[in-house]
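Chain and residue survey
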Amino acid sequence: MSWGSELWDQFDNLEKHTQWGIEFVEKYTKFVKERSEIETNYAKQIRNLSKKYQPKKNSREEEESKYTFCRAFLMTLNELNDYAGQHEVIAENLTSQIITELSRYLQELKAERKSHFHDGRKAQQHIESSWKQLESSKKRFERDCKEADRAQQYFEKMDADINVTKADVEKARQQAQMRHQMAADSKSEYSSYLQKFNQEQNDHYYTIIPNIFQKLQDMEEKRIERIGVCMKTFADVDRQVLPIVGKCLDGMTKAAESIEPKTDSKQVVESYKSGFEPPGDVEFEDYGQPMKRTASDTSLSNPREGKEKPAGKSKTKLWPFIKNKNKLMSLLTSPHQPPPAPPASSPPSPSAVPNDPQSPKQQKEPLSHRLNDFMTSKPKMHCLRSLRRGITLNSNVRNLIEGSGPEDFSHLPPEQRRKKLQGKIDELNKDIQKEMDQRDALTKMKDVYVKNPQMGDPASVDPRLLEIGQNIEKLQSEVQKFEGWLAEVEERMPSKSDTHRRSGLYETQNNTTVSNNCAQDRESPDGSYTEEQNSETQVKANTHPIPTSTTPEFDDEFDDEETLPAIGTCKALYPFEGHNEGTISVAEGELLYVIEEDKGDGWTRVRRNEDEEGYVPTSYVEVFLETNAKDS
């Protein structure tokens, strides 16, 4: 169906239809533009939402990042941020592939339509002008014919009248002939214009207008086709981001599946474990025999006690912290976690052996009785020291979370302090390694400058090398300082075997109450150990000395120590004599079992057989760790 042949007389309707088509393109362009703005605003809101819930740069958020559900939530926020980015991609593609293209095409479409209708109007004006010329020649021919008829009739009338002179008749005859000649000329002109108009009219309706209408039809079909392409692109823009959106959603699902409740519950222990031992059992005080008790034995506030004892730590100083009686009662019924197990390679020191007996829990007495027992029990004053140590634990944990405190982390419980010190040492070692790598790179650069002076001045590298050397020395001194604090903490922490021996030492320590008090007096109220002792304790400690590491009890403890499992193997790269205590000699190429990794001090613990084990330099061996053994 051709517009030129079928719609030859619908010029005005075609003009309205094509104008409506242009308006539709503008309408669709506006629709896509609003959709793009919606995608942009949605992506912006999603990004703001993700940014709002991103962890802040503080110690509390770092502490929370240790938990799997917090890390999963962070992964979800990151995936959501990527998800918002895909909506931004949709908005950008809609703008570049549809809105921009349609805007440019719309201008071209308007110009093309204007050109076609201008040609159509011009053709119409031409045919109308030809028609007017034809009508004018026709009217002139008609007028001339009428004038010729009137002149002929006048001549005939004059010729028949006998009263008219011959001259008048001749004049009338000449006038009639002239009118006939003008009519003939008008007829000839009219015939010529008629033939010309018919030809132009035929060309107008069968050639010119059909061509113009055909161009308008092609333009309209292209416009419709372009709209269809844009609608397809509109869907493809969304479809293109679906794989990435799917990956974002898969990432969110994976993050949710990575949550491990057991791991998080263990992390709670790692975060808040203090390393202190729970208070010992409260001894039974027999009030049925009051005559055997003295005032000094039953009263903490007896003034004679202060007179008899030399200057030193007064046990009455323990009581100012008991301001909240309900808090004390809650502590009596809520024991803390057991102490952690130290590395098997570090033998327990005698000072770390707890002197208070550990026995199965007895049935709880009424709280008022227990409080009275504590306030009237002198030999068991160390239990209150442990309680005070537990009260300060809450503030210590808060300090741990908030990241405040002294440089040596002395405000933290032993276990948390050990972890903080170890983490600080690891960070310093990483910084040292970075500085050493930078120094090696600068050294190589200096060698290149020495060999090729045109590439640079070797002396220009020396200030930086000197600065790096000073930085390394400072970092190494920091490492040594923190390692000293770490060694101090590990010496004071009780070992796992000490906890097992407590029940075995119960009767012995019960008989040597003075030794018990001595060990407890070396414990400060905030839970840390101190070497301060009053004179009374020193005298009684000489009478009942504390067992040293050479006693049979400690020998038995070491004999019962379990053999560490192998976590991998290693191959000796160089021979090592092993003259120092605790080391083992190896030969080059010898294969050994690794039972303990390098802790940052440059030594690795290895075993040759069940009886021979020791430390070798880490740089002397090539270690092959087993993943399963390491994880276990």
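Owing to the predicted nature of the structure, the values given are computational and were not obtained by experimental measurement. (Residues numbered from 1 in each chain as written. Predicted model: local features only at pLDDT ≥ 70, side-chain atom pairs only at ≥ 80, totals over all residues. Heavy atoms only, no water.)

1. Focus on the overall build of the chain
A count of helical and extended segments in the chain gives 19 helices and five strands. Of the contacts made within the chain by residues no fewer than 6 positions apart, 76% connect residues no fewer than 24 positions apart. (Helix = DSSP H or I, 4+ residues; strand = E, 2+ residues; numbered from the N terminus. Contact = heavy atoms within 4.5 Å.)

2. Considerations on the packing of aromatic side chains
Tallied over the entire structure, the rule returns 13 aromatic pairs. Among the aromatic residues, ring-to-ring pairing joins Tyr 574, Phe 576, Trp 603 and Tyr 620 into one connected group. Over the ring of Tyr 105 we find Arg 226, and its NZ or CZ is 4.7 Å from the ring centre. (Phe/Tyr/Trp six-rings, centres within 6.5 Å; stacked < 30°, edge-to-face > 60°. Lys NZ or Arg CZ within 6 Å of the ring centre and 35° of its normal.)

3. Regarding the pairing of strand 3 (residues 603-607)
Counted residue by residue, strand 3 has four buried out of five residues, so it is predominantly covered. Relative to strand 3, strand 2 (residues 591-596) runs antiparallel, the two being bridged by three bridges. Counted as the bridge partner of Tyr 593 is Arg 607 from strand 3. Counted along the chain from strand 2 to the antiparallel partner strand 3, the turn is six residues long, and its residue Gly 600 has a positive phi close to 105°. As judged from the five bridges shared by strand 3 and strand 4 (residues 613-617), these two strands associate in the antiparallel manner. Considered in strand 4, the bridge of Thr 604 is made with Val 616. The turn linking strand 3 back onto strand 4 is made up of five residues. (Buried < 20%, exposed > 50% of the residue type's maximum accessible area, 1.4 Å probe, protein only. Pairing = 2+ DSSP bridges.)

4. Quick look at a negative patch on the surface
Together, Glu 108, Glu 112, Asp 218, Glu 221 and Glu 225 make up a region of like negative charge exposed at the surface. At the level of secondary structure, the elements contributing two or more residues to the negative patch comprise helix 4 (68-160) and helix 5 (166-257). In terms of residues, the negative patch owes the most to one element, helix 5, which gives three residues. Considering the arrangement of structural elements, one finds Glu 221 in helix 5. (Patch = residues over 30% accessible without salt bridge, like charges linked within 9 Å, V, L, I, M, F, W, Y side chains within 5 Å. Areas by Shrake-Rupley, 256 points an atom, 1.4 Å probe, with all protein chains shown as cover. Salt bridge = Lys/Arg side-chain N within 4 Å of Asp/Glu carboxyl O. Lys, Arg positive; Asp, Glu negative; His and termini not counted. Charge placed at Lys NZ, Arg CZ, Asp CG, Glu CD.)

5. A look at a nonpolar patch on the surface
A contiguous nonpolar patch, built from Trp 8, Tyr 205 and Tyr 206 and spanning about 370 Å² of accessible area, is present on the exposed surface. Tracing the sequence through the fold places Tyr 206 in helix 5.

6. Focus: the side chain of Glu 590
Relative to the assigned elements, Glu 590 resides in the loop between strand 1 (568-572) and strand 2. Within the structure, the side chain of Glu 590 is placed 3.0 Å from the backbone nitrogen of Ala 587, a separation counted as a polar contact. At a separation of 2.6 Å, a polar atom in the side chain of Glu 590 contacts the side chain of Arg 608. In this structure Glu 590 touches Cys 570, Lys 571, Ala 572 and Arg 608, once residues within four positions along its chain are discounted. (Polar contact = N/O pair within 3.5 Å; in protein donor to acceptor, adjacent residues only side chain to side chain.)

7. A look at helix 4
Its 93 residues place the ends of helix 4 135 Å apart at the C-alpha level, agreeing with the 138 Å of an ideal helix rising 1.5 Å per residue. Considering bend angle alone, the principal kink of helix 4 is centred on Thr 95 and spans about 35°. (Expected span 1.5 Å × (residues − 1). Bend = angle between axes of the 7 residues up to and from the residue.)

8. Examining the sheet that holds strand 2
Strand order in the open sheet formed by five strands is 4-3-2-1-5, and the pairing between neighbours is antiparallel. Both outer strands of the open sheet, strand 4 and strand 5 (621-625), are each paired with one neighbouring strand and no more. Averaged over all neighbouring strand pairs, the angle between strand axes comes to 40°, with direction disregarded. One ladder, built from four bridges, connects strand 1 with strand 2; its direction is antiparallel. When the bridges of strand 2 are listed, Thr 569 appears paired with Tyr 593. (Axes fitted to C-alpha atoms, helices over the stretch in contact; angles between N-to-C directions.)

9. Description of the nonpolar core
If you look at the biggest cluster of nonpolar residues, it comprises 35 residues, and the most contacted ones within it are Tyr 28, Val 32, Leu 94, Ile 98, Phe 213 and Leu 216. Excluding anything up to four places from it in sequence, Phe 213 contacts Trp 3, Gly 4, Leu 7, Trp 8, Gln 10, Phe 11 and Leu 14. Formed by 19 residues, the second largest nonpolar core is a distinct cluster that contains Leu 428, Tyr 449, Leu 475 and Trp 485. (Core = buried A, V, L, I, M, F, W, Y, C linked by side-chain atoms within 4.5 Å.)

10. Some thoughts on the pattern of salt bridges
One pass over the structure, following the stated rule, counts 23 salt bridges. Linking Asp 236 and Lys 232 is a salt bridge whose minimum nitrogen-to-oxygen distance equals 3.2 Å. Here Lys 232 and Asp 236 lie together in helix 5, a separation of four residues that amounts to about one turn. Given a relative accessible area of 22%, Asp 236 falls into the partly exposed group. Among the ionic pairs, Glu 590 bridges to Arg 608, the shortest N-O distance being 2.6 Å. Residue Glu 590 is located in the loop between strand 1 and strand 2, and its partner Arg 608 is located in the loop between strand 3 and strand 4; the two are separated by 18 residues in the primary sequence. Assessed through its relative accessible area of 25%, Arg 608 is described here as partly exposed.

11. Quick notes on the environment of Ala 172
Summarising the element assignment, Ala 172 is placed in helix 5. Between the C-alpha atom of Ala 172 and that of Asp 159, which follows or precedes it by 13 residues, the distance is 8.5 Å. In contact with Ala 172, other than residues within four places in its own chain, are Ala 151, Tyr 154, Phe 155 and Met 158.

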